[in-house]
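Reading the structure
Okay, here's what each chain looks like letter by letter:
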Amino acid sequence: MNVDGKQVVEMREALRQAIDEEMARDPRVFLLGEEVAEYNGAYKVTKGLLDKWGPQRVIDTPISENGFVGLAIGAAQTGLVPIVEFMSWNFSFVAFDQLVSNACKAYYMSGGRFKVPIVFRGPNGAAAQVSCQHSHAVEAIYGNLPGWIIIAPGNPYDAKGLLKAAIRNPNPVLFLENELDYGDKMEIPTEEYLVGIGQAKVILEGSDVTLVSYSRSLKFCLEVAKKAAQRGISVEVIDLRTIKPLDIGTVAHSVRKTHRVLLVEEGHMFAGICAELGFQIQTHCFGDLDAPLVRVCQKETPLPYSKPLEKECLPHVDSIFEALLMLVG
């Protein structure tokens, strides 16, 4: 539905619009991956794109991530702009050598002669009972390597604007979605827009605690902020949106106001995104902190298949709220 320059769309549709618009804008842009064409995408993000753009620009690949990732990297180095869909970011590990040895290092190793304008996208983190081999949150693994831009949108508006910006960026981008977010709806503009890479956003202002997260965990954080408000606790919620480069300026500005920080991520605690973010916060805001930093992350275990155990291992509203009460207590 389009009303007064606005439209209500699901996350998958926002992503599809971004891809479609960029394919129309730039004939070098093409899409490839498993089931992206004939099947309309495993999560229907690419629905209808084959019919519109044809098999030369929307390409079904074999189940061979190492092969089609290598092909896409070569295409990017020779002037095209590939969008590579991973059916799951867990499957990117099959192409780890191509990603790590080539995609994020070619520009440096070639002395700036070979740019790699490429976007790797797909669902990241846990879905619903898909067990530990299909539930990795990969941002900390890849974030350790120089050369990547890493984006993790938490709503359809940001998903569309950030994906368009990612496709136009001359560097390799890892675009991390979440399978359980694809059906989320939101009103977004009908006219074209971009969202700046590397810019966090304050999505709820508060004065007592800064709560920082990204992607699907933001839903839980906003619920926690509502529960906290009922107890008279004012929570400021920040959406990182981009993992790398990290917008520490927006976070630090908030911390200097609230003096307390709670960090939430779906990934593991050890060497995670919250670990890096926490270190940067204490570097920039040590004198502003009235309490130690607190983190809520996935338990340090492979994710179980069991539904109650899965819930217990992942951050959720109750675990985040409990940590917040401890922080302000």
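Further up the page is the structure itself.
From a predicted model like this one, the values you see are computed outputs, not experimental measurements.

The next subject is the overall build of the chain. If you tally the helices and strands in the chain, you get 12 helices and 15 strands. Whereas a compact globule of 329 residues would reach a radius of gyration of roughly 20 Å, the chain reaches 20 Å, a difference of no more than 12%. Scored against the burial criterion, the 329 residues of the chain give a buried share of 53%. Put simply, 81% of the contacts in the chain that link residues at least 6 apart link residues at least 24 apart. Summing over all exposed atoms, the chain offers an accessible surface of approximately 14400 Å²; the carbon and sulfur share of this is 54%. Of the side chains in the chain, 32 bear a positive and 40 a negative charge, and the two mean positions are spaced by 2 Å.

Quick look at the sheet that holds strand 7 (residues 149-151) now. Strand order in the open sheet formed by seven strands is 4-3-5-6-8-7-13, with mixed pairing between adjacent strands. Single-partner strands in this sheet number two, and they are strand 4 (58-60) and strand 13 (242-244). Strand after strand, the sheet turns through a mean of 20° between neighbouring axes, direction not considered. Across five bridges, the pairing between strand 3 (residues 29-33) and strand 5 (residues 81-85) is parallel. Looking at the pairing, Val29 lines up with Val81 of strand 5. This element, helix 7 (residues 156-168), spans strand 3, strand 5, strand 6 (119-123), strand 7, strand 8 (173-177) and strand 13 of the sheet and lies at about 160° to strand 8.

Applying the stated criterion to the full structure yields zero disulfides. In this structure Cys285 is a free cysteine whose sulfur lies 15 Å from that of Cys274, the closest cysteine sulfur available. Given a relative accessible area of 0%, Cys285 falls into the buried group. Between Cys297, a cysteine without a disulfide, and Cys274, which holds the nearest cysteine sulfur, the sulfur-to-sulfur distance is 4.3 Å. By relative accessible area, Cys297 is classed as buried at 9%.

Next up on the list: the side chain of Asp20. Structurally, Asp20 is set in helix 1 (residues 11-25). Exposure remark for Asp20: the relative accessible area of 18% places this residue in the buried category. Other than its neighbours up to four places away in sequence, Asp20 contacts Leu49, Lys52 and Trp53.

The next thing to look at is the nonpolar core. Judged by nonpolar contacts, the single largest core of 47 residues is most densely connected at Val69, Phe120, Tyr142, Trp148, Val251 and Ile281. Elements represented by at least two residues in this core include exactly strand 3, helix 3 (65-77), helix 4 (96-103), strand 8, helix 9 (248-258), strand 14 (261-268) and helix 10 (273-285). Take this core: its biggest share by element is six residues, from helix 3. Setting aside anything within four residues of it in sequence, one finds Trp148 in contact with Leu99, Ala103, Cys104, Phe120, Tyr142, Pro172, Leu174 and Lys244.

Here is what the cut-offs are and how they apply
- Residues numbered from 1 in each chain as written.
- Predicted model: local features only at pLDDT ≥ 70, side-chain atom pairs only at ≥ 80, totals over all residues.
- Heavy atoms only, no water.
- Helix = DSSP H or I, 4+ residues; strand = E, 2+ residues; numbered from the N terminus.
- Rg over C-alpha atoms; globule rule 2.2 N^0.38 Å.
- Buried < 20%, exposed > 50% of the residue type's maximum accessible area, 1.4 Å probe, protein only.
- Contact = heavy atoms within 4.5 Å.
- Areas by Shrake-Rupley, 256 points an atom, 1.4 Å probe, with all protein chains shown as cover.
- Lys, Arg positive; Asp, Glu negative; His and termini not counted.
- Charge placed at Lys NZ, Arg CZ, Asp CG, Glu CD.
- Pairing = 2+ DSSP bridges.
- Axes fitted to C-alpha atoms, helices over the stretch in contact; angles between N-to-C directions.
- Disulfide = S-S within 2.5 Å.
- Core = buried A, V, L, I, M, F, W, Y, C linked by side-chain atoms within 4.5 Å.

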